[in-house]
Amino acid sequence: MSFWGLGADVNVPWLGKTGMNLFATYDIGRKDWNGYQFSANWFKPFVFFDDKSFLSFQGYVDYQFDMDEEYSGMNSDGKYNNTEHGGAAFFGLYYHTDRFALGYGGKYFYHSYGLNDAAFKNEFWGGLDTTGWTHFLSATYKI
């Protein structure tokens, strides 16, 4: 897959400068266009401490739409593997110092990457679970 489009930094109330992009999706292997994606990402420091450390709210939203359901065939139940729309969103709270960042984030998927729940299901496997939450703990050293 490759993504072709335009992006801009948009000033959003409270979040501040937020990156926003609109892409058309091109499958290089199939040589075919298949849908669009809107993406937004942010990094918002909102609590500052005397030692120059701070808390930030950071994350992103990816939303895919206008995709071809027939693009990847059907599973063993006769349902399409692809969906017309889907996406993912990440919301994180991080503590930053000059050298480290510690954080927690939750990521919600809804038909992620344009795939239906139970995509590619067959007689041996129940298929993909493409909707739900995941959780991330992060410890980062800044170079």
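Before reading on, note that the structure itself is shown above.
Okay, so let's go over this structure. (Residues numbered from 1 in each chain as written. Predicted model: local features only at pLDDT ≥ 70, side-chain atom pairs only at ≥ 80, totals over all residues. Heavy atoms only, no water.)

### Some thoughts on the pairing of strand E6 (residues 100–110)
With ten bridges joining them, strand E5 (residues 86–96) and E6 adopt antiparallel strand pairing. When the sheet's bridge partners are listed, Leu93 is paired in E6 with Tyr104. In this sheet, strand E7 (residues 132–141) lies alongside E6 in antiparallel orientation, the contact comprising ten bridges. Across the sheet, Phe100 pairs through a bridge with Tyr141, a residue of E7. (Pairing = 2+ DSSP bridges. Helix = DSSP H or I, 4+ residues; strand = E, 2+ residues; numbered from the N terminus.)

### A few points about a nonpolar patch on the surface
Together, Leu22, Tyr36, Phe38 and Tyr63 line one region of the surface with nonpolar side chains, adding up to about 370 Å² of accessible area. Relative to the assigned elements, Tyr63 resides in strand E4 (residues 54–65). Accessibility expressed as a relative area gives 38% for Tyr63, which makes it partly exposed. (Patch = residues over 30% accessible without salt bridge, like charges linked within 9 Å, V, L, I, M, F, W, Y side chains within 5 Å. Areas by Shrake-Rupley, 256 points an atom, 1.4 Å probe, with all protein chains shown as cover. Salt bridge = Lys/Arg side-chain N within 4 Å of Asp/Glu carboxyl O. Buried < 20%, exposed > 50% of the residue type's maximum accessible area, 1.4 Å probe, protein only.)

### Quick look at a negative patch on the surface
Together, Asp32, Asp66, Asp68, Glu70 and Glu84 give the surface a local cluster of negative charge. Considering the arrangement of structural elements, one finds Asp66 in the loop between E4 and E5. (Lys, Arg positive; Asp, Glu negative; His and termini not counted. Charge placed at Lys NZ, Arg CZ, Asp CG, Glu CD.)

### Remarks on the packing of aromatic side chains
Evaluation of the coordinates by the stated rule reveals 16 aromatic pairs. Ring geometry for Trp14 against Phe57: centres 6.2 Å apart, planes inclined by 40 degrees, an arrangement best described as tilted. With a gap of 43 residues between them, Trp14 in the loop between strand E1 (2–12) and strand E2 (16–27) and Phe57 in strand E4 connect regions that are remote in the sequence. When the centroid spacing of 6.0 Å and the interplanar angle of 70 degrees are considered together, the rings of Phe90 and Phe136 count as edge-to-face. Note that Phe90 is positioned in strand E5 and Phe136 in strand E7, a separation of 46 residues in sequence. When its relative accessible area of 11% is taken as the criterion, Phe90 is described as buried. (Phe/Tyr/Trp six-rings, centres within 6.5 Å; stacked < 30°, edge-to-face > 60°.)

### A word on the environment of Gly73
You can see Gly73 is positioned in the loop between E4 and E5. Separated by 46 residues in sequence, Gly73 and Ala119 have C-alpha atoms that sit 9.4 Å apart. Sequence-distant contacts of Gly73, that is, excluding residues within four places in its chain, are made with Lys79, Tyr80 and Asn81. (Contact = heavy atoms within 4.5 Å.)

### Observations regarding the sheet that holds E2
Taken in spatial order, the seven strands of this open sheet run E1-E2-E3-E4-E5-E6-E7, and their pairing is antiparallel. Edge positions in the sheet fall to E1 and E7, since each has one partner strand and no second. The average angle at which neighbouring strand axes cross in this sheet is 15 degrees, direction not considered. (Axes fitted to C-alpha atoms, helices over the stretch in contact; angles between N-to-C directions.)

### As for the environment of Gly132
Its place among the elements puts Gly132 in strand E7. By relative accessible area, which is 22% here, Gly132 ends up partly exposed. Between the C-alpha atoms of Gly132 and Asp77, which are 55 residues apart in sequence, the distance is 21 Å. Setting aside residues no more than four positions away along its own chain, Gly132 makes contact with Lys107, Tyr108 and Phe109.

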